[in-house]
Structure formats: structure tokens, C-alpha cells
Amino acid sequence: MLKAVILIGGPQKGTRFRPLSFEVPKPLFPVAGVPMIQHHIEACAQVPGMQEILLIGFYQPDEALTQFLEAAQQEFNLPVRYLQEFAPLGTGGGLYHFRDQILAGGPEAFFVLNADVCSDFPLSAMLDAHRRQRHPFLLLGTTANRTQSLNYGCIVENPQTHEVLHYVEKPSTFISDIINCGIYLFSPEALTPLRDVFQRNQQERQLEDPPSLWPGAGTIRLEQDVFSALAGKGQIYVHITEGIWSQIKSAGSALYASRLYLGRYQVTHPERLAKHTPGGPRIRGNVYIHPTAKVAPSAVLGPNVSIGKGVTVGEGVRLRESIVLHGASLQEHTCVLHSIVGWGSTVGRWARVEGTPNDPNPNDPRARMDSESLFKDGKLLPAITILGCRVRIPAEVLILNSIVLPHKELSRSFTNQIIL
């Protein structure tokens, strides 16, 4: 018997994802046509012996989250439950707080997945590795180049046994080109070190004068409090993957993740990819079109385009490397490149909405998405263009490398601007 836990964070996180996270919890943002965490749930549901999937986070259980959970349970025929933290408890605090729920039924092991990663989720391979060599912690790792590895948790392994000998979260100097993917397989005894950290934190709070009542005393950081402390003690091992992997920290990285998932649909979900048909729009590369979307036959879509529920795409529209969210309208001869068009937004006739891609270096097989900063020297850096919810772009206007906050109606062109 197996279980899976997906750590979805809370509204205080994901600030780099704004303004998109203003309208929907980040884990429910559509990537390649489905909510971000549906990719995780699909992967977990395919593992033989999976009995339950738990979501842990600090979001209020609103209507969107409730509807998603109900739909996921019906689609995958598995219990999918949300456990809300009483306060943000870090990557390990929620696991310890809900340990009784996780261990109920006596699972052999449980997967732990961060919601903000894109991957092909080699969970069955991780399970095979765990069963060959049982230890409390198995981490999924991949490689990055020397410079970009400093942005991740770095792992030094024994190349023969794959034991983690040293772990440093975002080191200041080069440690290793093996990085932590944020996907784990834990044995039940992995919760014992979390208990030790919790008890130590509580003791430290009691020694304060006066004793702290701050609820964050239950905060446990898996990476710093557990992995770094236990590395080299025979408890943590790593499984290296050569499959797709990327973080989803910003809107630009969501666009890149959409490209990776759309490409993977060729193998996993070919039915989700649009096909070029007589009398239909011209399809170039991998494109997802929701069944309720209306797309004019003269439109040209792709590569790497995702069109959401109820979207209208007019005659002569050109779409490339973009996500169009539900209810949006692209009027005749619109051109949208490297952009995300928000829910219910309208782009007028002959308007052009364009961003600048921030893709990994295609000539470096170990390159990863850079951690984008929006500003440098007080100026907005070129990046993908984001139109927030219910933005109206008039005809014949150019929006380039800009972020438009929700409910704005523009009257002129903008370049490298945040439009409040």
C-alpha cells in the first residue's frame, strides 16, 4: 500500500506568479490545459498500489479547490483529500502535523511532491529503487550546470551506492551539479527525524523569555532541518533522472512547463493534442484546444499553445508559445507571442501582444530555467507579457514585455511596463 502527499503551499507563497495567482490558487493554474497539480495526481494514480492522495497547504478550501478535488476523485477513482495547515508550516511541518493521516492504514511508503515542479514523475522507478535498497529518504535528483546549480538544493552522492553524503540548500559556491527535484519517497520511519526537529524547536521556544506562542514553532524545513543534518549518515539516498524537469516559480516558467508537458502529451495523452483537420485552424507543433473553445479556420496556432475553456479565437489570429485562459477573446488578426492572456480578457483587432522568452540555453543540455527577477536597476526586465483577468486591449495596439494587472482597459501601446 502506498500514499502520496502533494505540498501546495499557500497564498503567502508564489508572489512571483502574480498577477495570475490573484484569481486562482497557483496549484490550480492551467498548464498544458489542466491544473498544475493534475499532472502530479495523474502520475501518482498510475503507480500500482496507490491508495490515497493528500494535498497539504495553507489555502482556504474555496469553491475552485473543492470542485477540483471532487473531479479528481471521480476521474482517478482514488480518495483525494485536502488537509489545511493551521499556519504555514514549511515543507516538513505539514508532514509531521498530519502524520496520523499519512500513516493511517499502514502504507509501505509515501511519495512527497512539491506542487510547483514540472516533471515526467518517474515514481515507479523511484519505488523500484526504494525496494531494492530500503532507507528512510529517497530524493529525486537531476543535473544542472555549475552556475545554475547555486539556485537549488545541491546533492553530493556516493556514485556507487547513491547515498547522499552532503546536502546544501542554495549554496554560495559550487558544491555539485546534482540538484534536488522536490520529489521524494519516504518510509514511515522518515517521520522520526521530523519529530526530533519539532521537539527541538519547541524546546527552543520554551527557553525564550517570555516563551513564544508563535504558531510557526511547528515549522520544519525538509531541506535545511532534515536533509542537511542527515546527509552522510546512511539515511538519505538519491535517484537520478534524465527526464524532463523544471520549477514553476513564475509566469515565464509556467509557459516553459506548458511546452514540456505538451511535448510529453505525444506519449502520454495524444488525445489532448489538436490535429490539423480540413476546415479547421492550421496547427503547427503541439497545441491544446479545450473542446468548448471556438477557433476560426484561418487562425494559425502553435507551436506550444494552450487554449482554455470558452475561448474565442477570431479570423487570421496568430498564436505561438502562449497560454490563453478561459473566457478570453482574441479578435480578428490578433498576434499573440510568448504571452499569457488572462481570464475573460479581450485583445482587439490587429493588436499585437508579445513577450520575450526566457528559455534555458538550448546548447547546454544541463541548463535550467533561470530564477527570473522582474527588475534590475529600477527597470522592468524583458520577459513574457502577462494580461491579468478581464483586461481589454483595443484594436491596433502593441503590448510588449509588459504586465497588465486585472480589470484594466488600455487606450495606447506599452513597452516594458507594469500597468497598474
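What counts as what
- Residues numbered from 1 in each chain as written.
- Predicted model: local features only at pLDDT ≥ 70, side-chain atom pairs only at ≥ 80, totals over all residues.
- Heavy atoms only, no water.
- Helix = DSSP H or I, 4+ residues; strand = E, 2+ residues; numbered from the N terminus.
- Rg over C-alpha atoms; globule rule 2.2 N^0.38 Å.
- Buried < 20%, exposed > 50% of the residue type's maximum accessible area, 1.4 Å probe, protein only.
- Areas by Shrake-Rupley, 256 points an atom, 1.4 Å probe, with all protein chains shown as cover.
- Lys, Arg positive; Asp, Glu negative; His and termini not counted.
- Charge placed at Lys NZ, Arg CZ, Asp CG, Glu CD.
- Pairing = 2+ DSSP bridges.
- Polar contact = N/O pair within 3.5 Å; in protein donor to acceptor, adjacent residues only side chain to side chain.
- Contact = heavy atoms within 4.5 Å.
- Arc of directions from axis to C-beta.
- Salt bridge = Lys/Arg side-chain N within 4 Å of Asp/Glu carboxyl O.
- Core = buried A, V, L, I, M, F, W, Y, C linked by side-chain atoms within 4.5 Å.
- Domains from an automatic or database assignment.
- Phe/Tyr/Trp six-rings, centres within 6.5 Å; stacked < 30°, edge-to-face > 60°.
- Lys NZ or Arg CZ within 6 Å of the ring centre and 35° of its normal.

Trainee: When you look at the overall build of the protein in this model, what are you seeing that I'm missing?
Mentor: Secondary structure summary: the protein contains eight helices and 34 strands in total. By the compact-globule yardstick of 22 Å for 420 residues, the protein fits well, its C-alpha radius of gyration being 22 Å. If you line up the protein on its principal axes, its C-alpha atoms span 65 × 50 × 45 Å. Burial status across the protein gives 53% buried among its 420 residues. Summed over all atoms, the accessible surface of the protein reaches about 18400 Å², with 50% contributed by carbon and sulfur. Positive and negative charge centroids in the protein, built from 38 and 37 side chains respectively, lie 5 Å apart.

Trainee: Please clarify how the pairing of strand 11 (residues 178-186) should be interpreted in this entry.
Mentor: Look at any regular strand and the pattern is simple: side chains alternate between the two faces of the sheet. Buried residues dominate strand 11, accounting for nine of its nine residues. Pairing analysis gives four bridges linking strand 6 (residues 109-114) to strand 11, with the strands arranged antiparallel. Counterpart to Val112 in the pairing with strand 11 is Tyr184. Where strand 8 (residues 137-143) and strand 11 come together, six bridges link them in antiparallel fashion. If you follow Thr142 over to strand 11, its bridge partner there is Ile179. Examined bridge by bridge, strand 9 (residues 153-157) and strand 11 share two bridges and lie antiparallel to one another. When the sheet's bridge partners are listed, Ile155 is paired in strand 11 with Ile178.

Trainee: How should I be thinking about the pairing of strand 9 in this particular structure?
Mentor: With four of five residues buried, strand 9 lies mostly within the body of the structure. Pairing analysis gives five bridges linking strand 9 to strand 10 (residues 164-169), with the strands arranged antiparallel. In the sheet register, Glu157 faces strand 10, and the bridge partner there is Val164. In this antiparallel pair of consecutive strands, strand 9 and strand 10, the connection spans six residues, and His162 shows a positive phi of 70 degrees.

Trainee: I would appreciate a short explanation of the side chain of Ser345 in the present structure.
Mentor: Within the element layout of this structure, Ser345 appears in the loop between strand 24 (339-341) and strand 25 (346-347). Side-chain polar atoms of Ser345 contact the backbone nitrogen of Val391, separated by 2.9 Å. The residues contacting Ser345, other than those within four sequence positions of it, are Gly327, Ala328, Ser329, Leu387, Gly388, Cys389, Arg390 and Val391.

Trainee: Help me out: how do you make sense of helix 5 (residues 123-132) in this one?
Mentor: Given 3.6 residues to a turn, an α-helix orients residues that are three or four positions apart in the same direction. Within helix 5, the full set of buried residues consists of Leu123, Met126, Leu127, Ala129 and His130. The buried residues of helix 5 all sit within an arc of 160 degrees when viewed along its axis, so they share a single face. In the core, the buried residues of helix 5 are packed alongside strand 1 (2-9), helix 1 (36-45), strand 6, strand 8, strand 11 and strand 12 (236-240).

Trainee: For this particular structure, what's the right way to read the sheet that holds strand 22 (residues 329-330)?
Mentor: Sheet strands line up and pair through hydrogen bonds in the backbone, either parallel or antiparallel. Spatial strand order, 16-19-22-25-30: five strands in an open sheet with parallel pairing. Single-partner strands in this sheet number two, and they are strand 16 (294-295) and strand 30 (392-393). Relative to strand 22, strand 19 (residues 312-313) runs parallel, the two sharing two bridges. The partner of Val313 across the bridge, within strand 22, is Leu330.

Trainee: Is there a simple way to think about the sheet that holds strand 17 (residues 300-301) in this case?
Mentor: Taken in spatial order, the seven strands make up an open sheet running 14-17-20-23-26-31-33, and their pairing is parallel. Looking at strand neighbours, the two that pair on one side only are strand 14 (282-283) and strand 33 (414-415), the edges of this open sheet.

Trainee: In this structure, what is going on with the pattern of salt bridges? I would like to understand it.
Mentor: Between side chains of opposite charge, a pair can form as their charged atoms come close. This model, assessed by the stated rule, comprises 13 salt bridges. Its salt-bridge partner being Asp196, residue Arg195 comes within 3.3 Å of it at the nearest N-O pair. Assessed through its relative accessible area of 34%, Arg195 is described here as partly exposed. Asp196 gets classed as partly exposed once you look at its relative accessible area, which sits at 36%.

Trainee: Looking at this structure, I do not really get the nonpolar core. What am I missing?
Mentor: As a rule of thumb, soluble globular proteins bury nonpolar side chains together. Ranked by size, the top nonpolar core spans 72 residues in total, and within it Phe29, Ile53, Phe111 and Leu123 carry the most contacts. Among the elements that line this core, the one with the most residues is helix 8 (residues 251-268), at nine residues. Shared between two domains, this core takes at least three residues from each, and those domains are domain 1 (2-247) and domain 2 (275-415). Ignoring anything within four residues of it in the chain, the contact list for Phe29 reads Phe17, Leu20, Val24, Val34, Pro35, Met36, Ala254, Ile323, Leu325, Ile340 and Trp343. Counting 31 residues, the second largest nonpolar core, distinct from the first, contains Leu54, Leu95, Ile102 and Leu222.

Trainee: Whenever I open this one, the packing of aromatic side chains confuses me. Can you help?
Mentor: The geometry of an aromatic ring pair is captured by the separation of the ring centres together with the interplanar angle, meaning the angle of the planes. Scanning all chains against the criterion turns up nine aromatic pairs. Relative to Phe227, the ring of Tyr184 has its centre 5.2 Å away and its plane inclined at 70 degrees; by these criteria the two rings are edge-to-face. Of this pair, Tyr184 sits in strand 11 while Phe227 sits in helix 7 (residues 222-230); the two residues are 43 residues apart in sequence, bridging distant segments of the chain. The pair formed by Tyr184 and Phe227 is uniform in burial state, with each residue classed as buried. Three or more aromatic residues link up through ring pairs in this structure, and these residues are Phe110, Phe137, Tyr167, Tyr184, Phe186 and Phe227. Stacked on the ring of Tyr96, the Lys or Arg Arg99 has its end atom at 4.0 Å from the ring centre. One cation-aromatic arrangement involves Arg146 over Phe174; the distance from NZ or CZ to the ring centre is 3.8 Å.

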